[in-house]
Amino acid sequence: MEIKEWAQYSREEKKTLLKHWWYYYGKLLITLEEQEIFEHLVEECPDCIMSIALFSYLQDKSSQNLIYAIRQNRVKELINLIDSSMESVKQDVGFSDIELQFISILVGSYNHPEPDVSMSEEEINRQLKDIGIDPNRVVHIQKKKN
């Protein structure tokens, strides 16, 4: 994928980059329901999700803000908060440079992904408990190392 301004991407390219951000920069386990909600949000308004992704980039690059909002059924609140916060920021001279830098990072990791960093079993169990799943009822599968 090529690096260009957000408005120049097709709807499909936008959705592809946002899905990459969701998976590649996600730091939390997600449920199928949370995944489906995300897919719906991206389909409904990729530009709104880009605002969340860009806001998150300015914090820690992850999709955690959106995941927590989905879990608390507060996505619309998050979108409204970010839209109002970003409105004044978007007028700043350097904003387009920051946005393009974020897009460059997304496209770079999309085109040349690095290997996954495995989560410890302890971290997986902690996150399972956080979403209400008993870790003792989950089978952990590990890839064989060559």
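The rules behind the values
- Residues numbered from 1 in each chain as written.
- Predicted model: local features only at pLDDT ≥ 70, side-chain atom pairs only at ≥ 80, totals over all residues.
- Heavy atoms only, no water.
- Helix = DSSP H or I, 4+ residues; strand = E, 2+ residues; numbered from the N terminus.
- Buried < 20%, exposed > 50% of the residue type's maximum accessible area, 1.4 Å probe, protein only.
- Expected span 1.5 Å × (residues − 1).
- Contact = heavy atoms within 4.5 Å.
- Polar contact = N/O pair within 3.5 Å; in protein donor to acceptor, adjacent residues only side chain to side chain.
- Salt bridge = Lys/Arg side-chain N within 4 Å of Asp/Glu carboxyl O.

**Some points on the environment of Glu122**
Next, step 1: Mapped onto the fold, Glu122 is located in helix 7 (residues 121-130).
Next, step 2: Since its relative accessible area comes to 68%, Glu122 is described here as exposed.
Next, step 3: When the C-alpha atoms of Glu122 and Pro135 are compared, they prove to be 9.8 Å apart, with 13 residues separating the residues in sequence.

**Observations regarding helix 5 (residues 75-90)**
Next, step 1: Taking 1.5 Å of rise per residue, 16 residues should cover 22 Å, and helix 5 covers 21 Å from first to last C-alpha, within 8% of that figure.
Next, step 2: Restricting attention to buried positions, one finds in helix 5 the residues Val75, Leu78, Ile79, Ile82 and Met86.
Next, step 3: Buried-residue contacts for helix 5 involve helix 2 (32-44), helix 3 (46-59), helix 4 (64-71) and helix 6 (95-111).

**Here we look at the side chain of Lys14**
Next, step 1: On the secondary structure map, Lys14 appears in helix 1 (residues 11-24).
Next, step 2: Excluding residues within four positions of it along the chain, Lys14 makes contact with Trp6, Ala7, Tyr9, Pro46 and Asp47.

**A closer look at the side chain of Ser109**
Next, step 1: Mapped onto the fold, Ser109 is located in helix 6.
Next, step 2: At 2.7 Å, the side chain of Ser109 and the side chain of His20 are in polar contact.
Next, step 3: Once residues within four sequence positions are removed from consideration, Ser109 is found in contact with His20, Tyr24 and Tyr25.

**Quick look at the pattern of salt bridges**
Next, step 1: Under the criterion given, the structure shown has 9 salt bridges.
Next, step 2: A salt bridge links Asp47 to Lys14; the shortest N-O distance between them is 2.9 Å. Pair noted here: Asp47 is in helix 3 and Lys14 is in helix 1, with a separation of 33 residues, a long-range link.
Next, step 3: Judged by its relative accessible area of 10%, Lys14 falls in the buried class.
Next, step 4: A salt bridge links Arg126 to Glu123; the nearest nitrogen and oxygen atoms lie 2.7 Å apart. Linking Arg126 with Glu123, this pair stays in helix 7, spanning 3 residues, or about one helical turn.
Next, step 5: With relative accessibility at 24%, the residue Glu123 sits in the partly exposed group.
Next, step 6: Taken together, the salt bridges that share partners define one network made up of Glu12, Lys15 and Glu43.

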